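Below are the chains, spelled out letter by letter.
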Amino acid sequence: MQQHPHTSRRRTGRLAGLTAALAAVVGLSTLTGPGAHAADNPYERGPAPTESSIEALRGPYAVSQTSVSRLGVTGFGGGTIYYPTTTADGTFGAIAVSPGFTALESSISWLGPRLASQGFVVFTIDTNTTLDQPDSRGDQLLAALDYLTQRSSVRNRVDSSRLGVMGHSMGGGGSLEAAKDRPSLQAAIPLTPWNLDKTWPEVRTPTLIFGADGDTIAPVSSHAEPFYNNLPSSLDRAYLELNNATHFTPNSSNTTIAKYSISWLKRFIDNDTRYEQFLCPLPRPSLTIEESRGNCPHTS
């Protein structure tokens, strides 16, 4: 039986409409993949976060790594670069991480793949000597970032305008020194930090300080708390004291440290306000959090 031409056109039109609708659904579904980022913020990387996604051992990105020999660099002791394997999303923000007094890169290496899998390039470093003081460790963190962005094999994967620093103990004190010396840094996260300098009025970098209630090496009363209190009051800053924790808690995989570090780095290195919900309102005391302080909402 021959179809009426109007009927044929209607069916063709319905088919085209269904095809367009299907394409729209497929397009929407791709927004949940690692490559999705909002048009109004070109730095967003990865799907919309959830409590479980930022607490997970691994984020949405597959991670590769490359070793950097101390013999091939100047200003620091080499280390390991962890980075998202994909090149489909363009460049990523980057973080250098320093160990503490007498410690090696291995003491903070867990942060490498955990942070990189959320969409960062992470450089966990060794220092020139294990006895280096915080001011030297600050210089070494900056030297590592310069190597990462200018000479490393992954330099084309890094956005050199979106950089941050982290460190444990004297490395945490070093991260404050680095932020003081290079105001263009987008985020700093000192982990149970130690430094003889207690005042940081020069810092312009959004800073999240982790303390530990059981720290007897860098007690919060003489280190983490005064560091936080003496950052500029106008700065986006936060203090999170770990409950039932010691000075060495940051040396092992820790969900609380990871969760809030990821949120801080995403919020300030990637300008990704989707993560503001995990930082403000401030975290409440819990089995893992003794107390928190900060200036919510954030303005940077």
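The following paragraphs examine the structure supplied in this document.

### Some thoughts on the overall build of the protein chain
Now for step 1: Broken down by element type, the protein chain carries seven helices and nine strands.
Now for step 2: Burial analysis of the protein chain (300 residues in total) assigns 52% to the buried set.
Now for step 3: Contacts spanning at least 24 positions in sequence make up 69% of the contacts within the protein chain whose residues lie at least 6 apart.
Now for step 4: As displayed, the protein chain offers around 12900 Å² of accessible surface, 55% of which is attributable to carbon and sulfur atoms.

### Things to note about unusual backbone geometry
Now for step 1: Residues Cys-280 and Pro-281 are joined by a peptide bond in cis, for which omega reads 0 degrees.
Now for step 2: Here the amide bond leading from Cys-296 into Pro-297 is cis, since omega sits at -5 degrees, within 30 degrees of zero.
Now for step 3: Residue position: Pro-297 is located in the segment after β9 (289–294).
Now for step 4: Notably, Thr-102 is not glycine yet its phi reads approximately 65 degrees, a positive angle.
Now for step 5: Checked against the element boundaries, Thr-102 lands in the loop between β3 (92–98) and α3 (111–116).

### A few points about the environment of Glu-291
Now for step 1: Summarising the element assignment, Glu-291 is placed in strand β9.
Now for step 2: Residues Glu-291 and Glu-241, 50 residues apart in the sequence, show an inter-C-alpha distance of 5.3 Å.
Now for step 3: When near neighbours in sequence (up to four residues on either side) are disregarded, Glu-291 contacts Glu-225, Tyr-239, Leu-240 and Glu-241.
Now for step 4: Only 3.0 Å separates the side chain of Glu-291 from the side chain of Arg-293, close enough to count as a polar contact.

### Some words on the sheet that holds strand β7 (residues 207–212)
The strands making up a sheet associate through backbone hydrogen bonding, with each pair oriented either parallel or antiparallel.
Now for step 1: Read across the sheet, nine strands follow the order β1-β2-β4-β3-β5-β6-β7-β8-β9 without closing on themselves; strand pairing throughout is mixed. A single partner strand is all that each edge strand has here, and the edge strands are β1 (63–68) and β9. For this sheet, the mean inter-axis angle between neighbouring strands, taken without regard to orientation, is 15 degrees.
Now for step 2: Relative to strand β4 (residues 120–125), β3 is paired through five bridges, and the arrangement is parallel. From the neighbouring strand, Ile-95 faces β4, where its bridge partner is Val-122.
Now for step 3: Running at roughly 160 degrees to strand β6 (residues 187–191), helix α7 (residues 255–269) makes contact with β3, β4, β5 (158–168), β6, β7, β8 (237–242) and β9 of the sheet.

The rules behind these values
Residues numbered from 1 in each chain as written. Predicted model: local features only at pLDDT ≥ 70, side-chain atom pairs only at ≥ 80, totals over all residues. Heavy atoms only, no water. Helix = DSSP H or I, 4+ residues; strand = E, 2+ residues; numbered from the N terminus. Buried < 20%, exposed > 50% of the residue type's maximum accessible area, 1.4 Å probe, protein only. Contact = heavy atoms within 4.5 Å. Areas by Shrake-Rupley, 256 points an atom, 1.4 Å probe, with all protein chains shown as cover. Polar contact = N/O pair within 3.5 Å; in protein donor to acceptor, adjacent residues only side chain to side chain. Pairing = 2+ DSSP bridges. Axes fitted to C-alpha atoms, helices over the stretch in contact; angles between N-to-C directions.

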